[in-house]
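So you can see what is in the structure, the chains are spelled out below.
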Amino acid sequence: MDRDELVRYLDTYLRLKDFPQDLSLNGLQVEGKKEVRKVGAAVDAAEAIFQKALEEGVDFLLVHHGLFWGKPFPIVGHHKRRLELLFQGGINLYAAHLPLDAHPEVGNNHELARALGLVELEPFDVGVKGRFPLPTPLVQVADMLGQLTGMQPLVHQGGKGLVETVTIVSGGAASLIGQVDTDLFITGEPKHSVFHETFERGLNVIYAGHYDTEVFGVKALTRHLEARFGLPWVFLDHPTGL
């Protein structure tokens, strides 16, 4: 597939223009080969990921966390090594940060909500709110998350043991706890400054891992591209444990 055609499709499908507040340079960050034959999906833009992409023969790498976050930096040291790997393989690097969190079809949060069996989904910030069809034990929700991610989640039970309504914002969204009005909040990583607020407000929070809650979007997006354009893809897993 032609690279520029693929980029135009992704820019439109992911609605990049709807997220001017995002510090990530969403879209094509590094230009590579003109012809795309194989797509790679990864959470982070990192040297280890780029090395795997090179070994897998990836032409177009989709990541959630790109190289650029609103500030220029010198291309030296590990930054230089990263780019050298991309140039060596002619690998296109495309990043989608908040657009891939919020997307209703392939976004991290909607994908996780559907995997948990939530219904009546509606937007919350870049995440989603929903409910279980029946009240569900908090320990059962934690177990489901563990099965989905392969990691043991951290549970802060500030509320009741049975939950019905749920808010999900993947990654590092603990600062949103004060806005949550559901029985349970699911996010990626904890933040010390909101620990006591969780219990004082009677809220249940499950921290299921920043990395682990954000593998869903890139996988769903590359599956979508395979279905629409016939592009084969590979997931380049490199967990951070965070």
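Residues numbered from 1 in each chain as written. Predicted model: local features only at pLDDT ≥ 70, side-chain atom pairs only at ≥ 80, totals over all residues. Heavy atoms only, no water.

**Describing the UniProt feature "binding site: a divalent metal cation 1" (unreviewed entry) in the protein**
Here comes step 1: Annotation from UniProt places "binding site: a divalent metal cation 1" (unreviewed entry) at H65, D101, H210 and E214. For this annotated set, covering 150 residues, all C-alpha atoms fall within 12.1 Å of each other, a compact arrangement in space.
Here comes step 2: Owing to a relative accessible area of 13%, H65 belongs among the buried residues under this scheme.
Here comes step 3: Dropping the residues within four chain positions of it, H65 is found in contact with V43, D44, A45, H97, H210 and E214.
Here comes step 4: Relative to the helices and strands, E214 is located in the loop between β10 (204-207) and α8 (216-229).
Here comes step 5: For E214, a relative accessible area of 2% translates into the label buried.
Here comes step 6: Residues within four places of E214 in sequence aside, it is in contact with V43, H64, H65, D101, N108, S170 and G171. (UniProt positions renumbered as here; feature names shortened; annotations may be inferred. Buried < 20%, exposed > 50% of the residue type's maximum accessible area, 1.4 Å probe, protein only. Contact = heavy atoms within 4.5 Å. Helix = DSSP H or I, 4+ residues; strand = E, 2+ residues; numbered from the N terminus.)

**Some remarks on the packing of aromatic side chains**
Here comes step 1: What the rule picks out here adds up to five aromatic pairs.
Here comes step 2: Ring centres 5.0 Å apart and planes at 85° place the aromatic pair Y9 and F229 in the edge-to-face group. Within this pair, whereas Y9 is found in helix α1 (residues 3-13), its partner F229 is found in helix α8, the two being separated by 220 residues in sequence.
Here comes step 3: For Y9, a relative accessible area of 17% translates into the label buried.
Here comes step 4: According to the relative accessible area criterion, F229 is partly exposed, its value standing at 28%.
Here comes step 5: One aromatic cluster is present, formed by Y9, Y13 and F229 through successive ring pairs.
Here comes step 6: K219 extends its terminal NZ or CZ atom over the ring of F235, reaching a point 4.6 Å from the ring centre. (Phe/Tyr/Trp six-rings, centres within 6.5 Å; stacked < 30°, edge-to-face > 60°. Lys NZ or Arg CZ within 6 Å of the ring centre and 35° of its normal.)

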